[in-house]
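Each chain is listed here by its residues.
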Amino acid sequence: MASDSGDRGTLCTLEFAVQMTCQSCVDAVRKSLQGVAGVQDVEVQLENQMVLVQTSLPSQEVQALLEATGRQAVLKGMGSKQLQNLGAAVAILGGPGTVQGVVRFLQLSPERCLIEGTIDGLAPGLHGLHVHQLGDLTNDCSSCGDHFNPDGTSHGGPQDAERHRGDLGNVHADADGRAVFRMEDEQLKVWDVIGRSLVIDEGEDDLGRGDHPLSKITGNSGERLACGIIARSAGLFQNPKQICSCDGLTIWEERGRPIAGKGRKEPVPRPAHL
Ligand code: ZN
């Protein structure tokens, strides 16, 4: 389930590029994150224009705090405390309408996958979010296939034992139509979803508990508003020069555009929206 508070869950490290020219910038950046619930540790590197934040908050919330200092902050990387390369991926969501977003997947441990992101242009309220079987956008979101369901089970909620592997439940869009979320899931694995797609729906997912005939199939969450291929994060873990170790943490940078060519069925790379 989506969490707006973000004060629970596994810590991960976010790396931001922040424009800083002097010590007072460093102080302002530090102050912006000081005492914030869900922020465990902050390291500011003036010479590299880099800020490392160990946090359980969604990256969008940390970015907003940094940008409240009047500086642009760009998320460059996301890593876990694991020294192992467990995998990461990103989906850039778009569709025929105005809904768009970026969702990142990070395998925190062999058991837990972090899914976090921001989706804009939604109607306020709850919207179903699912990994679909195919990374095929030849006919926009309608060619993404059904919910990813290798076990052949019924649709359910993210906390249910009986669910589709791709069932991520709902995310909540605020009055401005923006959904910022961070969730952890034990059924979904990064290596299983790369090359598939992520789809955000028009309505609320009833988590398989509704009376509608579609409840046990899709959660009856309505039309598919926007979708994107889940792509291995470009450059992540691949180039040793892009790995830096800081106080025992290993940070993998996420540079360049996602690779969108690994769809499971005739994927067509779509232009990045961002
Ligand atoms: Zn489902």
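Our structure's up above, just so we're on the same page.
Parameters and conventions
- Counting of residues starts from 1 at the beginning of each chain's written sequence and follows it residue by residue.
- In view of the model being predicted, local features appear only for residues whose pLDDT reaches at least 70, and side-chain atom pairs are presented and counted only at 80 or more, with totals across whole chains, interfaces and linings using the full set of residues.
- The side-chain figures draw on all heavy atoms in the structure; neither hydrogens nor water molecules are used.
- Working definition: a disulfide is two cysteine sulfur atoms within 2.5 Å of each other.
- What counts as a helix is a DSSP run of H or I of at least four residues, what counts as a strand is a run of E of at least two, and both are numbered from the N terminus.
- Accessible area is worked out with a 1.4 Å probe on protein chains only. A residue is then buried under 20% of its type maximum, exposed over 50%, and partly exposed in between.
- Here the term donor refers to an N, O or S atom within 2.8 Å of the metal (or 3.2 Å for Na, K and Ca), and because water is left out of the atoms, sites may appear incomplete.
- Arc definition: directions from the helix axis to the C-beta atoms.
- Under this scheme, a helix contributes an axis fitted over its contacting stretch, all axes are lines through C-alpha atoms, and angles between N-to-C directions fall in the 0 to 180 degree range.
- We call two directions roughly parallel when the angle between them is under 35 degrees, roughly antiparallel when it is over 145, roughly perpendicular when it lies between 65 and 115, and oblique otherwise.
- Crossing handedness is defined as follows: a turn of the near helix away from the far one that is anticlockwise and smaller than a right angle gives a left-handed crossing, while the clockwise case is right-handed.
- Should any heavy atoms of two residues lie within 4.5 Å, those residues are considered in contact.
- Residue type decides the class: Asp, Glu, Lys and Arg count as charged, Ala, Val, Leu, Ile, Met, Phe, Trp, Tyr, Cys and Pro as nonpolar, and the leftover types, Gly among them, as polar.
- Two N or O atoms count as a polar contact when they lie within 3.5 Å, although within protein this holds only if one can serve as hydrogen donor and the other as acceptor, and sequence-adjacent residues are included solely when both atoms are side-chain atoms.
- By the counting rule applied here, Lys and Arg register as positive and Asp and Glu as negative, while His and the ends of each chain are not counted.
- We define a salt bridge as a side-chain nitrogen of Lys or Arg found within 4 Å of a carboxyl oxygen belonging to Asp or Glu.

With the rule as written, the count across this model stands at one disulfide. Disulfide pairing is shown between Cys141 and Cys227; the S-S distance is 2.2 Å. Taking the torsion about the sulfur-sulfur bond, which here is approximately -90°, the covalent link between Cys141 and Cys227 counts as left-handed. With Cys141 in strand β9 (residues 138–141) and Cys227 in strand β13 (residues 224–232), this pair connects stretches of sequence that are 86 residues apart. Across this residue pair, the class does not change: Cys141 and Cys227 are buried.

We now examine the coordination of the zinc ion. His147 (ND1), His155 (ND1), His164 (ND1) and Asp167 (OD) make up the full set of protein donors to the zinc ion, lying at 2.0 to 2.1 Å. Here the donor residues of the zinc ion share one chain and are spaced in sequence as H-x7-H-x8-H-x2-D. Of the two residues, His147 sits in the loop between β9 and β10 (167–173) while Asp167 sits in strand β10, which places them 20 residues apart along the sequence. The class for His147 is buried, based on a relative accessible area of 5%.

For the rest of this paragraph, the subject is helix α1 (residues 23–33). Cys25, Val26, Val29, Ser32 and Leu33 are the residues of α1 that are buried. With its buried residues spanning 125° around the axis, α1 presents them on a single face.

Direction vectors running N to C along α1 and helix α2 (residues 59–67) enclose 135°, while the axes themselves pass 8 Å from each other. For the element pair α1 / α2, the angle class is oblique. Crossing hand, α1 versus α2: right-handed. Contact with α1, carried on its side by Val29, Ser32 and Leu33, involves Val62, Leu65 and Leu66 of α2 and no other residues of that element. Class assignment for the residues of the contact of α1 with α2 results in five nonpolar, one polar and no charged.

We now examine the side chain of Ser143. Relative to the helices and strands, Ser143 is located in the loop between β9 and β10. Of note is the side chain of Ser143, whose polar atom sits 2.8 Å from the backbone oxygen of Asp136. Residues within four places of Ser143 in sequence aside, it is in contact with Leu134, Asp136, Leu137 and Thr138.

Turning our eyes to something else, we now look at the side chain of Glu116. For Glu116, the position within the fold is in strand β7 (residues 113–120). No salt bridge is formed by the buried Glu116, whose closest oppositely charged neighbour, Arg104, lies at an N-O distance of 4.6 Å. Among the polar contacts listed, one links the side chain of Glu116 to the side chain of Ser59, at a separation of 2.5 Å. If we skip the residues at most four places from it in the chain, Glu116 touches Leu57, Pro58, Ser59, Met78, Val102, Val103, Arg104, Phe181 and Arg182.

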